[in-house]
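Given next are the chains, with one letter for each unit.
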Amino acid sequence: MAGKKRTLDDGVSVQRAKKARTSSGASHKNPSGRNAPSVPSAMTAEEVDFPRGGGTTLTPLEVKEVRAEALREADRELFSTMGKGNAKRKRSGTEPKAKSQSSGKDTIRIEHLNYKRLTPGMKILGQVVSIQPLALVVSLPNQLMAHVPITKVTSQLSRILEEMDEKSSSSADDSENDHSRYVPDLSELFRPGQYIRAVVTSVHAPGTADLADLARSRDVVVKASRRVELSLIPEEVNSGVQTSDLRSGFALSAAVQSIEDHGYLLDLGVPGVSGFLPFTDTHTRDSGRKLRIGHLVDVSVLQMSSNGRTCSMTDDPDTLINSSVSEVSDVASVLPGALVQSLVTGITPRGLNLQILGFFDATADEYHQSFTHETLKLGQRIKSRVLYNIPDTSPPRFSVTLSDHHLNFLVKSVTTDMGGSPMMDAFSLGTILDSVKVKHVEPERGLVVEVQPSLDGFVHISQVADDHTPTLSVASGPWRLATLHRARVIGYHVFDGILQLSLRPSVFEQKFLQAGEIQLGEVLKGTIKRLTESALFVTISGNVDGVIWPNHYADVPLKHPARKFKVGGSIKCRVLTIEPERRRVVLTAKKTLLDASLSIVTSYEDAKIGLITHGVVFGVSDRVLKVEFFNNVKGVIPAREASETSAKLTEAFSPGKIVKVRIIATDAHNRRIIASIRQATSTFSPNVTDVSGISVGDIVQGVVAELQKTNIVLTLKPSEARALLSFATLANRDGITIPELKASLKTGTVVDSLMVLSRDLEKGFVIVGRKPKSTKLNAALSLDTVVIGQVVGGRVIKHGRTGAHVKLTSRITGSLHPTDTCDDYDAGNPFPAADSVLKAVVVGINKSTNHLALSTRPSKMFPNNAKPPVDREIINIDDLKAGETVRGFIKSVSEHGLFVMLGRGIDARVQIKELFDEYIKDWKSRFVANQLVSGRILSVDTTNKKVEMTFRSGDLARDPSKPLSLSDLQEGQKVRGRVKRIEQYGLFIQIEGSKITGLCHKSQLSDDKEADVAVALRTFREGDTIRAIVLSRDLEKRQLSLGLKPSYFTGDEDAEVNDDAEHLQGDSNVTGESDVEDEMEASSESDGPEEEAVGRDSEDSIEDDFSRPGSFMQGGLPQLSVTDLHSHEPVSTTHMPLKLEGFQWFSNGTVSEEDSQSSSSSDSEDETESRKKRRKKRKEIEQDLTADMHIRVPESTADFERLLLGSPNSSYLWIQYMSFYLQMSEIDKARATGKRAIQTINFREEQEKLNVWIALLNLENVYGSDASMAVVFKDAARHNESKTIHLRLASIFDDSQKFEKAEEQYKRTCKKFGHSSKVWTLFAEHYLRRGQVEEARRLLSRSLQSLEKRKHIKTIARFAQLEYKLGDSERGRTIFEGIVDSHPKRWDMWCIYIDMEAKQGEIQKLRTIFNRVLAIKMTSHKAKSFFKKWLDLERKIGDEEGAATVKRKAIEWTQQAAVAS
């Protein structure tokens, strides 16, 4: 007969007290065999050494443990005596395995808290697990549970509850007392995870407590909490605390007694003393909610008032955590939760003995040890927190905790740094743990297992197996120490910070452990549990039950449901509603819903208009039907949408009927859904007339269908569309009053000559009005008869670049330019709305395109009555004069300025430099298309029809000189210009201040004939400012030849351009696009105070050159320094500058302070000498560096840009460029450079692109945020091989010491690419490098579940190699042995095995492996390779004798192979 299963004590893993076997005394005292609730703990008030009658003060469990320990000692002594003989009998054979250490006195026995040891009056620290409407569920030490009724929170809250009950019948209470009588919910006063100080008020025997506030709960934890009742009232918890104990740092619980002007008055529960908590020292967790009367708060004493009656308090969490007690007046003043200094006095296998407060003994069991502390030693001082006082002990003793989450008043996390996620979030209910290690065995209670290094779990003895297990063994059996097991999370011991686990196979088979794991709409199979008159209860899985209400038994109502549903039978059902807080699942057994393939509605947001789904009728009235969908989502069906017929709803529908509906309206905010049964049918066709064929502006006629209060409903002919016409509109057209019109109109009256004003395609109706009289002109409109000045009517179709497009007839269109819409641009509407109807006058005719130019200017339409126009009409370019102020509309915004519409076909350009008087960086944001602007005409080019315009104020005389021509240039003249285009044979250079472009052949770039001119060409880029010399000119062919050799400029004293070209320094009339860009660059750099002193002409040229450092004729010249440009002090004679066109260029020299001071006293002689030295120094500096650009280290952005022109696909250059910006802390520019590189590099260069992506990831890792990193990672994974990017990111995190992020990245990678062996091995390597050996080894079993079978051997071999390199070589050797035993002819595995062993340097093991592998049948070629490898290893790590042996074995193998063949 199978043994009876051991059940859990009220659902928690606490050992059930066993019945006494032979205890006559106990039977006399309690004949019924039941434990009375008021029986005190087995720990009596006095521990008598020799009690009368040979009795004992120990509990039956303690007696059994003592007997078992004595038997073990006797066995050890007996076996040691028998095995060692007389010579070894002197040794003690009774020494236990785990020795206890003590400081010289007897070790205090460490006992776990259980329900028997809980006695009324005991003060204890607890943690809130859940909040019920009328009680708190509290977790206590050693896996115990308790509850706090709402009447035991504070006296003030109880008083408010009593007053509310007394005054419930009164309705005329004063509003002043509303605040004090407000009864807060317990969820407002407490939060899950909060620590509380409590006192035990009563302990009930199992099954005897039937509390009203917890009796109906289905939660196992709540049921377990019934046995113990706690109180939080400060008078009871703080009883025994003296006034002298209330020193600074003393922490206790207090209740809000009243709310004063500046703070809260607190009830401390200490006679004669009250607390005061100022508003300024209040740190409530919800800043928007104040404390209320009756609120329980944890506070710490700041100071005592001089009169000894009031304490200043604070509830700062940090202060509460660090508040410690150093001395107390009495043992009753030691409250649970107090932080005390402890001295280690004894170390036992079950915990620690300590001394607290210098006098009291304390114990800390194995459940309340710290994971972060190293091995403790005797005499060591540590901090601990008091858990509870052990009652009836003399001298008094306490139980304390060293756990980190207790010391910091936090919920237990899965990591040791307290910053990890709570264990409830990391290990949800139902989580299956592949491998937990038995850490401690309690024979009569259960197993303590290690889930991970910082988290333990507890397996109750009833949860180790499905069969009854009477006891557990430490050294033998399947649950002995250090064994590994598969477990499943079934609960939490919140206070102790351990998981409640189960090893039972039946628990693993359960699909669900809680209601929250079930999905809405899921189809399940269950077992009928019981059938009542009100519902059918179904067991879904384990402890999860479901309920089916009677209206969901079947598609039709059942008169006798008991005939269909039998207890124990199987039933198919679908999840209708889930209520996790009530642990209830509502199901349906309706066949239509089970087999339905339509989408389901589970929330008001899911209800989309047009969605067809099923609903169940639950309410019927004359006007509406009420239907229910999934998850308690409800909707209504109006009577008109219920059916095509006019049948009564109460007769056609009944509660429980399934209907197919279409969602026609939703309001998620107000939780409303309107549905229709009629529109859900397949034969339904929407009753909406198609009005897409009717256009705005069409002339129609209609028949009066209905007369409303203000409108006439017409039926248009022949489209049958509905139309609305107002009485006022028709009365004005006919010239009669509205009453006369209403009297004359009847249903069926025809109304013609109406124009369509607007239409509604969704609702299928149009709005009509009277037909304009002028529109009759369009009836005969044709291009043959139309004339300039004729008024026509049309409808605006759309807007384009030239204005509004107007439809006049089916074949004729027109355009209305914005400047032709009105005489005053401010008062008119230059851009009429689409679909609007208008009248316009014809101002232009184009018969080839059937197009008319229109105008709505009053001066054109009514020339006799119009006022003089504010904005005159500009017909052609001759109407514009320089200096004239005009207004227009912005046509477009380009990179180099604006284009403004001044008239039909007349546009003006506004360059960037002409937009503002001052420099504006973000000028584009100031302008939008179609914006009205005003400006002055700068110039008018009638030949090319170009107009220049300015928005700036001041003198318009910008260019007094004429442009430079080719004839003005002379051979040998030095000029300045810009690189316009770069070709393989040379450079095209545009002379500054003109449109003249000359060619510099590549042979004229360098004086060095052996230099690589191709490299020299790459050092230039378009737009570079350079100096050149005119070599030749051809006026007939208009060709100009230029030279850039440095030798052409030797001998120039001042290095200036000839006087003939000095006028080029000013602005030019002919301004190209590159000039506009340079003007912007010049403006952007002229902000410094030193530059303001420079004239405008010189400033433009200086800043123009400075905006491109290093991009001049001589690539090797140093960069220009802003501080050097405008320095009026002479420079050091040691580093004399080269003076070029008034600018100073410094090699590496700086202005000497000594020379700067002496410059003020220098005379003309010194200046002459200085000039000579400058000439000499200039000749020394000036040399040809053009051909050496490719070997110089880039020092500026210009250098990088030149190099990238030659090697645009080089990721090395791009990454160097990014690094250059990072050195200057230009993070955004570095990021932009990387993105630019991605776009520039050829798509075939995948590796180069990948390198840049990796550089961007590294940049975001160091300088970016998590959000920017996520964006770059997502883009990188999309543009490259996703697995490579995932692994590279994990490696980046690893290299930057961000191990937690690396671990999370590896986990995501394994989840996404679980089919890749490389992913798993890299993850294992990550763990091994961090010393997390067990986590790495667990990955092997997980990887084999995800990988294909063909990859198993390779993966196992890689894990073995990692063990050799980073883990345990012995474990790696074991893995390889398994591989070669199961696959003896995998020669590659043998070779890897040999290589790994060779690195260990143990030649004897290598010889054994070689002998084994050569004993296997193989080809001579393979044998030769093994013998060669063996011989090489013998010569490296072996000896000569071994090498000779290898040669001899090779000869023997060859002879045997020859004989065998």
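As the structure is a prediction and not an experimental result, all values here were calculated from the model.

J.: Lay out the overall build of the protein chain in plain terms, naming residues and giving numbers.
T.: Per the secondary structure count, the protein chain includes 39 helices and 54 strands. Going through the 1461 residues of the protein chain one by one, you find that 44% of them count as buried. When contacts within the protein chain are restricted to residue pairs at least 6 apart in sequence, those whose partners lie at least 24 apart make up 61%. Here the protein chain has roughly 77,000 Å² of accessible surface; of this, 49% comes from carbon and sulfur atoms.

J.: How would you summarise the sheet that holds strand 19 (residues 446-452) if you had to cite specific residues and measurements?
T.: Spatially, 18-19-20-22-21 is the arrangement adopted by the 5 strands of the closed barrel, whose pairing is mixed. Averaged over all neighbouring strand pairs, the angle between strand axes comes to 50°, with direction disregarded. By the bridge criterion, 4 bridges tie strand 18 (residues 432-442) to strand 21 (residues 484-493) in an arrangement that is antiparallel. Residue pairing for strand 21: L433 is matched across the bridge by A487.

J.: Tell me what's going on with the side chain of Q194, and back it up with residues and numbers.
T.: Mapped onto the elements of the fold, Q194 is located in the loop between helix 5 (186-189) and strand 5 (195-203). Contacts of Q194, omitting those with residues within four sequence positions, involve G126, Q127, V128 and L189.

J.: Which residues make up the pattern of salt bridges, and what are the values?
T.: What the rule picks out here adds up to 45 salt bridges. Across the pair D820 and R904 runs a salt bridge, and its minimum N-O distance is 2.5 Å. Highlighted residues: D820 in the loop between strand 40 (813-816) and strand 41 (837-846) and R904 in the loop between strand 44 (897-903) and strand 45 (906-911), separated in sequence by 84 residues. Overall, the relative accessible area of 27% leaves R904 in the partly exposed class. With a shortest N-O distance of 2.9 Å, E1377 and R1412 are connected by a salt bridge. Here the residue E1377 occupies a position in helix 35 (residues 1369-1382), and R1412 occupies one in helix 37 (residues 1403-1414), the gap between them amounting to 35 residues.

J.: Break down helix 16 (residues 727-734) for me, citing the residues and quoting the values.
T.: Taken together, the buried positions of helix 16 are F727, L730 and A731. Taken down its axis, helix 16 places every buried residue within 100° of arc, on the same side. The positive-phi residue at the C-terminal boundary of helix 16 is G735, with phi of around 75°.

J.: Describe the packing of helix 35 against helix 36 (residues 1387-1400), and please don't skip the residues or the numbers.
T.: Where helix 35 meets helix 36, the axes come as close as 10 Å, and the angle between the chain directions of the two elements is 160°. When the axes of helix 35 and helix 36 are compared, the pair comes out roughly antiparallel. The interaxial crossing formed by helix 35 with helix 36 has left-handed handedness. For the pair helix 35 and helix 36, the contacting residues are S1369, R1373, F1376, E1377, I1379 and V1380 in the first and M1389, W1390, I1392, Y1393, M1396, E1397 and Q1400 in the second. A per-class count over the contact of helix 35 with helix 36 returns 8 nonpolar, 2 polar and 3 charged.

J.: For the packing of helix 36 against helix 38 (residues 1420-1437), give the residues involved together with the corresponding values.
T.: Two numbers describe how helix 36 lies on helix 38: the axes approach to 12 Å, and their chain directions differ by 0°. Classified by the angle their axes make, helix 36 and helix 38 are roughly parallel. Each of W1387, W1390, C1391, I1394, D1395 and A1398 in helix 36 lies in contact with helix 38, whose residues at this interface are K1422, F1426, K1429, L1433 and I1437. A class-by-class count of the residues in the contact of helix 36 with helix 38 yields 8 nonpolar, no polar and 3 charged.

J.: If you had to explain the confidence of the model for the protein chain to someone new, which residues and values would you point to?
T.: Averaged over all residues, the pLDDT of the protein chain equals 77, while 77% of them reach at least 70. Predicted confidence in the protein chain is weakest over strand 54 (residues 1143-1145), with a mean pLDDT of 27, and strongest over strand 5, with 93. For the stretch residues 171-180, pLDDT sits under 50, and the model shows 7 contacts to residues farther than four places along the chain or on other chains. Predicted confidence is poor over residues 1175-1190, with pLDDT under 50, and the contacts of this stretch with residues over four places away or in other chains come to 30 contacts.

J.: Please give an account of the pairing of strand 38 (residues 791-800) that cites residues and values.
T.: Sheet topology places strand 38 next to strand 41; 5 bridges connect them, and they run antiparallel. Each bridged residue has a counterpart across the sheet, and for R795 the counterpart in strand 41 is V837. Two strands pair when backbone bridges link them, and strand 38 and strand 39 (residues 803-807) are joined in this way by 5 bridges, in the antiparallel orientation. For G800, the partnering residue across the bridge sits in strand 39 and is G803. Two successive antiparallel strands, strand 38 and strand 39, enclose a turn made up of 2 residues.

J.: Account for the environment of I490, naming residues and giving values.
T.: Within the secondary structure layout, I490 lies in strand 21. The class for I490 is partly exposed, based on a relative accessible area of 25%. The spatial distance from the C-alpha of I490 to the C-alpha of Q500 is 5.7 Å, given a sequence separation of 10 residues.

J.: Describe the pairing of strand 13 (residues 339-348), listing the residues and the values that go with them.
T.: Judged by how many residues are buried, strand 13 sits mostly within the fold: 9 of 10 residues are covered. By the bridge criterion, 2 bridges tie strand 12 (residues 324-325) to strand 13 in an arrangement that is parallel. Considered in strand 13, the bridge of V325 is made with V340. The sheet contact formed by strand 13 and strand 16 (residues 381-390) spans 3 bridges and is antiparallel. Across the sheet, residue Q341 finds its bridge partner in strand 16, namely K383. The loop that links strand 13 with its antiparallel partner strand 14 (residues 351-356) comprises 2 residues.

J.: Any chance you could break down the packing of aromatic side chains for me, citing the residues and the numbers?
T.: In the structure shown here, the tally under the stated rule is 23 aromatic pairs. Judged by centre distance (5.2 Å) and plane angle (10°), the rings of F1376 and Y1393 are stacked. In this pair, F1376 sits in helix 35 while Y1393 sits in helix 36, placing the two residues 17 residues apart along the sequence. Grouping residues by exposure puts F1376 and Y1393 together as buried. Ring-pair connections join several aromatic residues into one group, and the members of that group are F1200, Y1217, F1220 and Y1221. Here the guanidinium or amino end of R530 rests over the ring plane of F537, the centre of that ring lying 4.2 Å away. Here R981 stacks its cationic end above the ring of F988, 4.2 Å away from the centre of that ring.

J.: I'd like to hear about helix 31 (residues 1299-1312), residue by residue, with values.
T.: The end-to-end C-alpha distance of helix 31, which contains 14 residues, comes to 20 Å, matching closely the 20 Å that a straight helix rising 1.5 Å per residue would cover. Residues A1302, E1303, Q1305, Y1306, T1309 and C1310 constitute the buried set of helix 31. The buried residues of helix 31 occupy an angular sector of 165° when the element is viewed end-on, so they sit on one face. Seen from the buried face of helix 31, the exposed residues on the opposite side, beyond 90 degrees, are E1300, K1311 and K1312. Those residues of helix 31 that are buried lie in contact with helix 29 (1266-1279), helix 30 (1282-1295) and helix 32 (1317-1329).

Cut-offs and rules
- Residues numbered from 1 in each chain as written.
- Predicted model: local features only at pLDDT ≥ 70, side-chain atom pairs only at ≥ 80, totals over all residues.
- Heavy atoms only, no water.
- Helix = DSSP H or I, 4+ residues; strand = E, 2+ residues; numbered from the N terminus.
- Buried < 20%, exposed > 50% of the residue type's maximum accessible area, 1.4 Å probe, protein only.
- Contact = heavy atoms within 4.5 Å.
- Areas by Shrake-Rupley, 256 points an atom, 1.4 Å probe, with all protein chains shown as cover.
- Pairing = 2+ DSSP bridges.
- Axes fitted to C-alpha atoms, helices over the stretch in contact; angles between N-to-C directions.
- Salt bridge = Lys/Arg side-chain N within 4 Å of Asp/Glu carboxyl O.
- Arc of directions from axis to C-beta.
- Parallel < 35°, antiparallel > 145°, perpendicular 65-115°, else oblique.
- Left-handed = near helix turned anticlockwise from the far one by under 90°.
- Nonpolar A, V, L, I, M, F, W, Y, C, P; charged D, E, K, R; others polar.
- pLDDT = per-residue confidence, 0-100.
- Phe/Tyr/Trp six-rings, centres within 6.5 Å; stacked < 30°, edge-to-face > 60°.
- Lys NZ or Arg CZ within 6 Å of the ring centre and 35° of its normal.
- Expected span 1.5 Å × (residues − 1).

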